[in-house]
Amino acid sequence: MRAFFAGHDVEVVDYDLGFGRRRAVPDLRIIVVGPGPRSSTWAYVTAGCWSAVNQDGHGIEFVMTSKQRESAVVDLIAMVAYYHAAHHLDHWHTMPIGGPWLPGSACDHLLVSLPYLHGPDLEACELPAGHARLLWLLPITAAEKAFRQQHDTEALEQRFDDAGIDPTDPLRASVV
């Protein structure tokens, strides 16, 4: 992953989930990647999900993106790491987040998707004892989640493409 974001400022944040939760993902860190040659947005990547929840050396880490550096995104992605430890999120799962992902946003759910904003080179991360698949946490609205349940994820993703959404814009309109 460091090679992928070469030329970007990278900060590693040790994240303590707090008493009673830290055992779920004891080595959790959030990697905060600033804008640079690969992307003009901020990226937040979990590190530690893999070691807490892997099967036979295969596990998942998560990436989120935003236009600006946002401490709320660090907290949100840490919450996802904790949830993942108990519920094993995977590609195309959704989860409610209990409120807007950023102030003023109608997006109050996350869709676990492929890291489209960064391309397929970010998806596979080789590790000494296996590999991690990096999946993107895309903020979506409750209406978009309901549409996905009635139709399917590909139909929702087609709506995103047709509308040309900016997935880093917390004020984007719902596509349904």
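That block above? That's the structure.
Read on for a plain summary of the structure.

Criteria and thresholds
Residues numbered from 1 in each chain as written. Predicted model: local features only at pLDDT ≥ 70, side-chain atom pairs only at ≥ 80, totals over all residues. Heavy atoms only, no water. Buried < 20%, exposed > 50% of the residue type's maximum accessible area, 1.4 Å probe, protein only. Helix = DSSP H or I, 4+ residues; strand = E, 2+ residues; numbered from the N terminus. Arc of directions from axis to C-beta. Contact = heavy atoms within 4.5 Å. Polar contact = N/O pair within 3.5 Å; in protein donor to acceptor, adjacent residues only side chain to side chain. Salt bridge = Lys/Arg side-chain N within 4 Å of Asp/Glu carboxyl O. Core = buried A, V, L, I, M, F, W, Y, C linked by side-chain atoms within 4.5 Å. Axes fitted to C-alpha atoms, helices over the stretch in contact; angles between N-to-C directions. Parallel < 35°, antiparallel > 145°, perpendicular 65-115°, else oblique. Nonpolar A, V, L, I, M, F, W, Y, C, P; charged D, E, K, R; others polar. Phe/Tyr/Trp six-rings, centres within 6.5 Å; stacked < 30°, edge-to-face > 60°. Lys NZ or Arg CZ within 6 Å of the ring centre and 35° of its normal. Expected span 1.5 Å × (residues − 1).

### Notes on helix α4 (residues 153-163)
Move 1: For α4, every residue scored as buried is listed here: Thr-153, Leu-156, Glu-157 and Phe-160. The arc that holds every buried residue of α4, seen down its axis, measures 100 degrees, which confines them to one face. Of the exposed residues in α4, the ones pointing more than 90 degrees away from its buried face are Glu-154, Asp-161 and Asp-162.
Move 2: Where the residues of α4 are buried, they touch β7 (109-113), β9 (130-140) and α3 (142-150).
Move 3: With a side-chain oxygen lying 3.2 Å from the backbone nitrogen of Glu-154, the N-terminal cap of α4 falls on Asp-152.

### As for the pattern of salt bridges
Move 1: Following the criterion strictly, the structure yields five salt bridges and no others.
Move 2: In this structure, the salt-bridge partner of Asp-16 is Arg-22, at a minimum N-O distance of 2.9 Å.
Move 3: Among the residues examined, Asp-16 registers a relative accessible area of 49% and is labelled partly exposed.
Move 4: For Arg-22, a relative accessible area of 39% gives the class partly exposed.
Move 5: Put simply, Arg-172 and Glu-144 hold a salt bridge, and the shortest N to O gap is 2.7 Å. In this pair, Arg-172 sits in the segment after α4 while Glu-144 sits in helix α3, placing the two residues 28 residues apart along the sequence. Grouping residues by exposure puts Arg-172 and Glu-144 together as buried.

### What to know about the nonpolar core
Move 1: Ranked by internal contacts, the top residues of the largest apolar core, which has 31 residues, are Ile-30, Tyr-44, Phe-62, Met-64, Trp-101, Leu-110 and Leu-137.
Move 2: Of all the elements in the fold, those that place two or more residues in this core are β2 (29-33), β3 (42-47), β5 (58-66), α2 (71-87), β7 and β9.
Move 3: It is α2 that provides the largest number of residues to this core, a total of eight residues.
Move 4: Apart from the residues within four sequence positions on either side, Phe-62 is in contact with Tyr-44, Val-45, Thr-46, Cys-49, Ile-77, Val-80, His-84, Leu-89, Val-112, Leu-135 and Leu-137.
Move 5: Grouped together as the second largest cluster of nonpolar side chains are 21 residues, Phe-5, Ile-31, Leu-111 and Ala-132 included.

### Observations regarding the packing of α3 against α4
Move 1: In contact at an axis separation of 7 Å, α3 and α4 are set at 135 degrees when each is read in the N-to-C sense. The pairing of α3 with α4 is recorded here as oblique in orientation. Contact with α3, carried on its side by Glu-144, Phe-147 and Arg-148, involves Thr-153, Ala-155, Leu-156, Arg-159 and Phe-160 of α4 and no other residues of that element.
Move 2: Its residues placed into classes, the contact of α3 with α4 shows four nonpolar, one polar and three charged.

### Notes on the packing of aromatic side chains
Move 1: Here the structure, examined in full by the defined rule, presents two aromatic pairs.
Move 2: With 4.9 Å between their ring centres and 85 degrees between their planes, Phe-4 and Phe-5 make a pair best called edge-to-face.
Move 3: Aromatic pair Tyr-116 and Trp-136: ring centres 6.4 Å apart, planes at 85 degrees, arrangement edge-to-face. Taken together, the residues span a long stretch of sequence, with Tyr-116 in the loop between β7 and β8 (124-127) and Trp-136 in strand β9 at a distance of 20 residues.
Move 4: Above the plane of the ring of Tyr-82 lies Arg-21, whose end atom (NZ or CZ) is 5.4 Å from the centre.
Move 5: In this structure, Arg-38 is placed above the aromatic ring of Phe-4, and the distance from its NZ or CZ to the ring centre is 3.8 Å.

### Focus: α2
Move 1: In a regular helix each residue adds 1.5 Å, so 17 residues correspond to 24 Å; α2 covers 24 Å between its end C-alpha atoms and thus fits that length.
Move 2: Those residues of α2 that fall on the buried side of the exposure criterion are Val-73, Val-74, Leu-76, Ile-77, Ala-78, Val-80, Ala-81, His-84 and Ala-85.
Move 3: Downstream of α2 by a residue or two, His-88 has a phi angle that is positive, lying close to 50 degrees.

So yeah, pure geometry; function would need other evidence.
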